[in-house]
2 protein chains.
Amino acid sequence: MRILGIDPGTGITGYGIIDIEGNRLRHVDNGIVRTRSSDALPLRLKAIYDGLSAILTEFSPQEVAVEQVFLAKNPRAALTLGHARGTAVLAAVNLGISVHEYSALQVKSAVVGYGHASKQQVQQMVKALLNLPEVAQEDAADALAVAICHAHSRPLKQAIARG
Amino acid sequence: MRILGIDPGTGITGYGIIDIEGNRLRHVDNGIVRTRSSDALPLRLKAIYDGLSAILTEFSPQEVAVEQVFLAKNPRAALTLGHARGTAVLAAVNLGISVHEYSALQVKSAVVGYGHASKQQVQQMVKALLNLPEVAQEDAADALAVAICHAHSRPLKQAIARG
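Residues numbered from 1 in each chain as written. Chains lettered and ligands numbered in written order. Predicted model: local features only at pLDDT ≥ 70, side-chain atom pairs only at ≥ 80, totals over all residues. Heavy atoms only, no water.

Chemist: Which residues make up the overall build of chain A, and what values do they have?
Modeler: Looking only at helices and strands, chain A has 5 helices and 5 strands in total. Secondary structure elements of chain A occur, N-terminal to C-terminal, as β-β-β-α-β-α-β-α-α-α. A globule of 163 residues ought to have a C-alpha radius of gyration of about 15 Å, and chain A, at 15 Å, matches this closely. Evaluated residue by residue, chain A yields a buried proportion of 50% over its 163 residues. Restricting the contact set of chain A to residue pairs at least 6 apart, pairs at least 24 apart contribute 59%. Summed over all atoms, the accessible surface of chain A reaches about 7500 Å², with 51% contributed by carbon and sulfur. (Helix = DSSP H or I, 4+ residues; strand = E, 2+ residues; numbered from the N terminus. Rg over C-alpha atoms; globule rule 2.2 N^0.38 Å. Buried < 20%, exposed > 50% of the residue type's maximum accessible area, 1.4 Å probe, protein only. Contact = heavy atoms within 4.5 Å. Areas by Shrake-Rupley, 256 points an atom, 1.4 Å probe, with all protein chains shown as cover.)

Here it is in structure tokens:
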């Protein structure tokens, strides 16, 4: 079972891929898709869509997990982020891959053990859990974290589904 | 020259198509793409994407215009709307069609003559400008309005581009 986690953003979109092998998680790849701030939003969305589509095609994950971002700051930033997040979701569903959403609280709880962990704590725990040689880039680490969160919640989900 | 206007929303996405024939605007089609509120967001985005892609393919507009929505209300609503708007933009750019953005103020100024017109005034003016037999559905009328706005601003844009 292979999972791709995505941390979407109009500037930098992080991705992280893990395999579930029995009771273990194995790191496959992580990285970022970067867009040009000088480009208009439509072109940036296309860059995110094409970048993620290429990664989805190359690594063929069975499931995709995306953080259910909730930017309390301001509506304009939330609107723009929504464009990037919708683009990430579409790249997956257009390839027939199911998308699962988790709140930041769920992701941090699953990875660090409590919901108000810092970015650095997430990076360190992701490194430890996946035996990475060094900490991943911030957005790539967040993407790996949501993939780990999905991996942890899968057995529970299946148990619920089976009744 | 054929223009497709889009008024995106996760529940109802309006579209409206007009042709510029010399100095006149001709109504071609308008309607809505509706999604099921019982479906998860990824499926709703796919429904919008597939619906708009089919319309773009059927009517082959040269350019697409989308309202640059600014929901001042709350960040969560803005985030969700951003998903729908990003989806609409992607459907066009993935078919190689350029996307142009206009603020609500620009759209209302172009269609009604002042920026704080009501939804009903927009519907009535769109009906009058395009000789529609009856007022279009609210979201479809907004989509026609942004298409009209783009049609009006094109000669100016070209003049600027030519210097």
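Chemist: Can you tell me about the interface of chain B and chain A, naming the residues and giving the values?
Modeler: Each partner contributes to the interface: chain B provides 26 residues, whereas chain A provides 26 residues. Taken together, the connections running from chain B to chain A amount to 0 salt bridges. For the interface between chain B and chain A, the tally reads 6 residue pairs in polar contact (both at pLDDT 80 or more). Contributing elements (two or more residues each) for the side of chain B that touches chain A: α1 (41–59), α2 (75–93) and β5 (98–102) of chain B. With 13 residues, α2(B) is the largest single contributor of residues to the side of chain B that touches chain A. Of the residues assigned to the side of chain B that touches chain A, the class counts are 15 nonpolar, 6 polar and 5 charged. (Salt bridge = Lys/Arg side-chain N within 4 Å of Asp/Glu carboxyl O. Polar contact = N/O pair within 3.5 Å; in protein donor to acceptor, adjacent residues only side chain to side chain. Nonpolar A, V, L, I, M, F, W, Y, C, P; charged D, E, K, R; others polar.)

Chemist: Describe the sheet that holds strand β3 (residues 24–34) of chain A, and please don't skip the residues or the numbers.
Modeler: All names here are of chain A. Taken in spatial order, the 5 strands make up an open sheet running β3-β2-β1-β4-β5, and their pairing is mixed. Edge strands, defined here as strands with exactly one partner in the open sheet, are β3 and β5 (98–102). Looking at each pair of strands side by side, their axes are set apart by 25° on average, direction ignored. Those strands touched by helix α1 (residues 41–59) are β1 (2–7), β2 (12–21), β3 and β4 (63–67), and its axis lies near 150° from that of β3. (Pairing = 2+ DSSP bridges. Axes fitted to C-alpha atoms, helices over the stretch in contact; angles between N-to-C directions.)

Chemist: With reference to specific residues and values, describe the packing of aromatic side chains.
Modeler: This structure, assessed with the given rule, holds 1 aromatic pair over all chains. Centre to centre, the rings of A:Tyr49 and B:Tyr49 are 6.4 Å apart; their planes meet at 20°, and the pair counts as stacked. Placement of A:Tyr49 in helix α1 and of B:Tyr49 in helix α1 is noted, with the two residues assigned to different chains. Neither residue differs from the other here; A:Tyr49 and B:Tyr49 are each classed as buried. (Phe/Tyr/Trp six-rings, centres within 6.5 Å; stacked < 30°, edge-to-face > 60°.)

Chemist: Account for the pairing of β2(A), with residues named and values stated.
Modeler: Residue and element names in this part refer to chain A. Burial of β2 is extensive: 7 of the 10 residues sit out of reach of the surface. Here β1 runs beside β2; their pairing, made up of 6 bridges, is antiparallel. Note that in β2 the partner of Asp7 across the bridge is Gly14. In this antiparallel pair of consecutive strands, β1 and β2, the connection spans 4 residues. Where β2 lies against β3, 10 bridges are found, and the strand directions are antiparallel. Looking across to β3, one finds that Ile17 is bridged to Asp29.

By themselves, these observations are geometric and do not establish any function.
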